[in-house]
Amino acid sequence: LRHAYVLVKPLSKSGDHMTAARLLCRVARSISRFPAHVVPILTSCVIECHRAGLRESAFEFATTLMRPEYREQLQEGFRRKIENIVRKPGDKTDAEEAETPSPFDSAARLPESELECPSTKNQIPYCVATGRHVVTSDMCLCPSCGFPASYAVFTQLIQTEGVCQMCMQQVQVKDIVKLEPAEAQAFCLRSVQRAEREPGRQ
């Protein structure tokens, strides 16, 4: 969850407000794990969801921020925007999220931001560049930290930023290798086995 929050700033800066909003929703739905940062996290979530057209999610978290225990902590400029979202929500629907296949079962498709395979119930590793679950047809590993990523997105990120968003080490594009689907699936299976040996770690 912390890494999902870290990814939000570069994603928003690059104009990918939809992915940033989806990641913030993931964090916001576990907001009890961040008791000291409830207001800034939910505020960012509402703003990004509104930008991305996720009206239902923006309304949901804006309503939470209007509770007495949070409302007084809001910055004045944000308070007015959030009040307007609650008072005049308009069309309260979220754009449908694209679905991609699970690396554990190609017949099982799930929203890109979800991390649990619907058929096997295995936790799916996430991309260090987008926070979305990985897919076996477009996967690589960071040459520095070994965490998985979307090959297409990670190479683009390294071309522009030069560093992995997980380990913050410099990476050369020439060192990034796209995995074969069988290799990618084997990595995901090993991650499940490792999680079973070390509960609490993904």
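Criteria and cut-off values
- Each chain carries its own residue numbering, running from 1 in the written order of its sequence.
- Only residues with pLDDT of 70 or above have their local features reported here, since the model is predicted, and side-chain atom pairs are shown and tallied only from 80 upward, although totals for entire chains, interfaces and linings are computed over all residues.
- Excluded from the side-chain calculations are hydrogens and water; all other atoms, namely the structure's heavy atoms, are used.
- For helices the rule is a DSSP run of H or I covering at least 4 residues; for strands it is a run of E covering at least 2, with both sets numbered from the N terminus onward.
- For the radius of gyration, the atom set is restricted to C-alpha positions; the globular benchmark scales as 2.2 Å times the number of residues to the power 0.38.
- Any pair of residues with heavy atoms lying within 4.5 Å of one another is described as a contacting pair.
- In short, Shrake-Rupley with a 1.4 Å probe defines the accessible areas, and a residue's cover is counted only from the protein chains shown.
- Counting rule applied: Lys, Arg positive; Asp, Glu negative; His and chain ends not counted.
- Where a charge lies is defined by one atom per residue type: Lys uses NZ, Arg uses CZ, Asp uses CG and Glu uses CD.
- We define a nonpolar core as any set of buried Ala, Val, Leu, Ile, Met, Phe, Trp, Tyr and Cys residues linked to one another through side-chain atoms lying within 4.5 Å.
- Exposed residues in this analysis have more than 50% of their type's maximum accessible area, buried residues have under 20%, and partly exposed residues fall in between, with area computed by a 1.4 Å probe over protein chains only.
- Within this document, salt bridges are pairs made up of a side-chain nitrogen of Lys or Arg and a carboxyl oxygen of Asp or Glu, the two lying within 4 Å of each other.
- Our arc is simply the arc of the directions from the helix axis toward the C-beta atoms.
- Pairs of N or O atoms are called polar contacts if they sit within 3.5 Å, as long as, within protein, a hydrogen donor faces a hydrogen acceptor (for residues adjacent in sequence, only side-chain-to-side-chain pairs).

Caption draft 1: Up close: the overall build of the protein chain. Summing up its helical and strand segments, the protein chain has 8 helices and 4 strands in all. Here the C-alpha radius of gyration of the protein chain, 18 Å, is about what a compact globule of 202 residues would show, namely 17 Å. A principal-axis box enclosing the C-alpha atoms of the protein chain has dimensions of 50 × 35 × 30 Å. Taking the contacts inside the protein chain whose residues are at least 6 apart along the sequence as the reference set, 48% of them involve residues at least 24 apart. Total accessible area computed for the protein chain in this model is approximately 11,200 Å², and 48% of it derives from carbon and sulfur atoms. Side-chain charges in the protein chain split into 26 positive and 24 negative, and the spacing between the mean points of these groups amounts to 6 Å.

Caption draft 2: Focus on the nonpolar core. One finds L42, C45, V46, C49, F61, L65 and I82 to be the most contacted residues of the largest nonpolar core, which totals 31 residues. Within the residue set of this core, elements represented by two or more residues are α1 (2–13), α2 (17–28), α3 (38–52), α4 (55–65) and α6 (76–87). With sequence-adjacent residues up to four places away left out, L65 is seen in contact with V39, L42, T43, V46, Y70, R71, L74 and I82. Membership of the second largest hydrophobic core comes to 23 residues, among which are C127, I158, A184 and C188.

Caption draft 3: Representation of the pattern of salt bridges within the structure. By the definition in use, this model includes 9 salt bridges. In this structure, E60 engages R29 in a salt bridge whose closest nitrogen and oxygen atoms are separated by 3.7 Å. Of the two residues, E60 sits in helix α4 while R29 sits in the loop between α2 and α3, which places them 31 residues apart along the sequence.

Caption draft 4: Just α4, in detail. Considered for burial, the residues of α4 that qualify are S57, A58, F61, A62, T64 and L65. Viewed along the axis of α4, the buried residues span an arc of 155 degrees, placing them on a single side of the element. On its buried side, α4 packs onto α2, α3, α5 (68–71) and α6.

Caption draft 5: Quick peek at the side chain of S191. Following the sequence through the fold, S191 ends up in helix α8 (residues 181–197). For S191, a relative accessible area of 8% gives the class buried. Separated by 2.5 Å, the side chain of S191 and the backbone oxygen of C188 make a polar contact.

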